[in-house]
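Residue-level listing of the chains:
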Amino acid sequence: MASLRTYGLIYVALILLATGKFVFFHFDGIFTYGMAIAGTMVLAITKTSLIAGYFQHLKDEPRSITYLMLTAVFMVFLLTLAAGYSIQ
């Protein structure tokens, strides 16, 4: 189990990643809209991984549980793509 210090560092990292989304969209001279969207997606994936790994304790679970969660995430991704395709 992670220590209080680890939880604190992860929380600070999540705050910094959330601040990164603000930076991407409010400095138009540096980032284009496409770069801001791509950067936001990368930050969102990173934040989700930190939350699932540490706050939901998947890091300490057996690998089979981790693979099951990854399979579920992949299936949700496929369903989202299929729903987007069917709307067109």
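**Comments concerning the nonpolar core**
Moving on, step 1. Judged by nonpolar contacts, Ile10, Leu14, Leu17, Phe24, Ala36, Leu43 and Leu50 together constitute the single largest core of seven residues.
Moving on, step 2. For this core, the secondary structure elements donating two or more residues are α1 (4-26) and α2 (33-55).
Moving on, step 3. Sort the elements by how many residues they give to this core and α1 lands first, with four residues.
Moving on, step 4. Residue contacts for Ile10: discarding those within four places in its chain leaves Leu50, Tyr54 and Phe55.

**Side note on the layout of surface pockets**
Moving on, step 1. Space inside the largest pocket adds up to approximately 360 Å³.
Moving on, step 2. Taken together, Ala44, Ile45, Thr48, Ser49, Ala52, Gly53, Gln56, Leu58, Thr66, Met69, Leu70 and Val73 form the lining of the largest pocket.
Moving on, step 3. Broken down by secondary-structure element, the contributors of at least two residues to the lining of the largest pocket are α2 and α3 (63-87).
Moving on, step 4. Ranked by residues supplied to the lining of the largest pocket, first place goes to α2 with six residues.
Moving on, step 5. Classifying every residue of the lining of the largest pocket by side-chain character gives seven nonpolar, five polar and no charged.

**So, the packing of aromatic side chains**
Moving on, step 1. What the rule picks out here adds up to three aromatic pairs.
Moving on, step 2. Seen in terms of ring centroids, Phe24 and Phe31 are 5.0 Å apart; in terms of plane orientation they differ by 90°. Their pairing is edge-to-face.
Moving on, step 3. Judged by its relative accessible area of 18%, Phe24 is buried.

**A short note on the side chain of Lys47**
Moving on, step 1. In this structure, Lys47 sits in helix α2.
Moving on, step 2. Buried within the structure, Lys47 lacks any salt-bridge partner; its nearest side chain of opposite charge belongs to Asp28, at an N-O separation of 19 Å.
Moving on, step 3. Ignoring anything within four residues of it in the chain, the contact list for Lys47 reads Leu14, Leu17, Ala18 and Lys21.

**A few points about the side chain of Thr40**
Moving on, step 1. Note that Thr40 resides in helix α2.
Moving on, step 2. At 2.7 Å, the side chain of Thr40 forms a polar contact with the backbone oxygen of Ala36.
Moving on, step 3. Ignoring any residue separated from it by four or fewer positions in sequence, one finds Thr40 in contact with Lys21, Phe24 and Phe25.

**Side note on the packing of α1 against α2**
The geometry of a pair of packed helices is captured by two quantities: the angle between their axes and the separation between those axes.
Moving on, step 1. Interhelical geometry of α1 versus α2 gives an angle of 165° and a closest axis separation of 9 Å. Accordingly, the angle class assigned to the pair α1 and α2 is roughly antiparallel. Considering the relative orientation of α1 and α2, their crossing is left-handed. Where α1 abuts α2, its residues Thr6, Tyr7, Ile10, Tyr11, Ala13, Leu14, Leu17, Ala18, Gly20, Lys21, Phe24 and Phe25 lie against Tyr33, Ala36, Ile37, Gly39, Thr40, Leu43, Thr46, Lys47, Leu50, Ile51, Tyr54 and Phe55.
Moving on, step 2. A breakdown of the residues in the contact of α1 with α2 according to their chemical character gives 17 nonpolar, five polar and two charged.

Cut-offs and rules
Residues numbered from 1 in each chain as written. Predicted model: local features only at pLDDT ≥ 70, side-chain atom pairs only at ≥ 80, totals over all residues. Heavy atoms only, no water. Core = buried A, V, L, I, M, F, W, Y, C linked by side-chain atoms within 4.5 Å. Buried < 20%, exposed > 50% of the residue type's maximum accessible area, 1.4 Å probe, protein only. Helix = DSSP H or I, 4+ residues; strand = E, 2+ residues; numbered from the N terminus. Contact = heavy atoms within 4.5 Å. 1 Å grid on protein atoms, 1.4 Å probe; cavity = no way out; pocket = protein on both sides within 12 Å on 5 of 7 lines; lining within 4 Å. Points joined across faces, edges and corners; volume = space filled by probe spheres on them. Nonpolar A, V, L, I, M, F, W, Y, C, P; charged D, E, K, R; others polar. Phe/Tyr/Trp six-rings, centres within 6.5 Å; stacked < 30°, edge-to-face > 60°. Lys, Arg positive; Asp, Glu negative; His and termini not counted. Salt bridge = Lys/Arg side-chain N within 4 Å of Asp/Glu carboxyl O. Polar contact = N/O pair within 3.5 Å; in protein donor to acceptor, adjacent residues only side chain to side chain. Axes fitted to C-alpha atoms, helices over the stretch in contact; angles between N-to-C directions. Parallel < 35°, antiparallel > 145°, perpendicular 65-115°, else oblique. Left-handed = near helix turned anticlockwise from the far one by under 90°.

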